[in-house]
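Structural overview
Residues per chain are reported as follows:
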Amino acid sequence: DAGVTQSPTHLIKTRGQQVTLRCSPKSGHDTVSWYQQALGQGPQFIFQYYEEEERQRGNFPDRFSGHQFPNYSSELNVNALLLGDSALYLCASSLVGTTPYEQYFGPGTRLTVT
Amino acid sequence: TQLLEQSPQFLSIQEGENLTVYCNSSSVFSSLQWYRQEPGEGPVLLVTVVTGGEVKKLKRLTFQFGDARKDSSLHITAAQPGDTGLYLCEGGSYIPTFGRGTSLIVHP
């Protein structure tokens, strides 16, 4: 049973650049959520995608955008990178309507902005 | 904004000791999840609690959901070095909310 996968594992970018991170959900899941985890903090919810649409969004600026494809995989795009965007970016997948709600995380992408 | 407060923030103990970590909120949650996260990895789901007063056991780990569904605790009996990690709680809500975590180190 394939778990959540993310690519790339690590990424180094310069301020002002743009980045795209990718996520494939766990087999059988249809919903993908993205989180930002700064060092020493818990994950902060960025947004969630279901049926190729953004369903919920946390307190993140419009520089953060996403997409979900028909095969349920997803991308996170961040424009005009800032030093403060350096973090571990986590993708989690779940199945809508499951009770109780549970999500499963990928290993994350470590983004460093210099 | 719903907040989850976790305590203690850091815990360093010897192998064989018992410990309890806490997750508290002023809000009611429909469910609460506990995860363990190792450095550079994603959180791994340990348990989900749903019913107020519910107790779940996972080997040496005991999870309890408060009667009012606003708080939860995780008790580890006879901790082992393999228990080392960041323990996170997440409240089930419209916007997923995580605590800052408890960083546990178990020394051999």
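Check the entry above for the structure.
The structure contained in this document is the topic of the report that follows.

Reading the values: the criteria
Residues numbered from 1 in each chain as written. Chains lettered and ligands numbered in written order. Predicted model: local features only at pLDDT ≥ 70, side-chain atom pairs only at ≥ 80, totals over all residues. Heavy atoms only, no water. Contact = heavy atoms within 4.5 Å. Buried area = accessible area lost by both parts, 1.4 Å probe. Salt bridge = Lys/Arg side-chain N within 4 Å of Asp/Glu carboxyl O. Polar contact = N/O pair within 3.5 Å; in protein donor to acceptor, adjacent residues only side chain to side chain. Helix = DSSP H or I, 4+ residues; strand = E, 2+ residues; numbered from the N terminus. Phe/Tyr/Trp six-rings, centres within 6.5 Å; stacked < 30°, edge-to-face > 60°. Buried < 20%, exposed > 50% of the residue type's maximum accessible area, 1.4 Å probe, protein only.

1. Some remarks on the interface of chain B and chain A
On the chain A side, the residues contacting the 20 residues of chain B number 20 residues. At the boundary of chain B with chain A, total buried surface from both sides reaches about 1,600 Å², with 56% on carbon and sulfur atoms. The largest per-residue losses of area from chain B upon contact with chain A belong to Pro96(B), Phe98(B) and Arg100(B), which jointly make up 29% of the total buried on that side. Connecting chain B to chain A are zero salt bridges. In this structure, the connection of chain B to chain A is made through three residue pairs in polar contact (both at pLDDT 80 or more). Of all elements in the fold, only β4 (32–37), β5 (44–49) and β9 (85–91) of chain B reach the threshold of two or more residues within the side of chain B that touches chain A.

2. A short note on the packing of aromatic side chains
Two numbers describe a pair of aromatic rings. These are the distance of the centres and the angle of the planes. Enumeration according to the criterion identifies nine aromatic pairs over all chains in this entry. Judged by centre distance (5.1 Å) and plane angle (70 degrees), the ring pair of Phe60(A) and Phe64(A) falls under edge-to-face. Neither Phe60(A) nor Phe64(A) differs from the other in exposure class; each is buried. Geometrically, the ring pair formed by Trp34(B) and Phe63(B) is tilted, given 6.4 Å between the ring centres and 45 degrees between the ring planes. One end of the pair, Trp34(B), is in strand β4; the other, Phe63(B), is in strand β7 (residues 61–65), and 29 residues separate them in sequence. Under the relative-accessibility criterion, Trp34(B) is labelled buried at 0%. The rings of Tyr35(A), Phe45(A), Phe105(A), Tyr35(B) and Phe98(B) are connected pair by pair, giving a single aromatic cluster.

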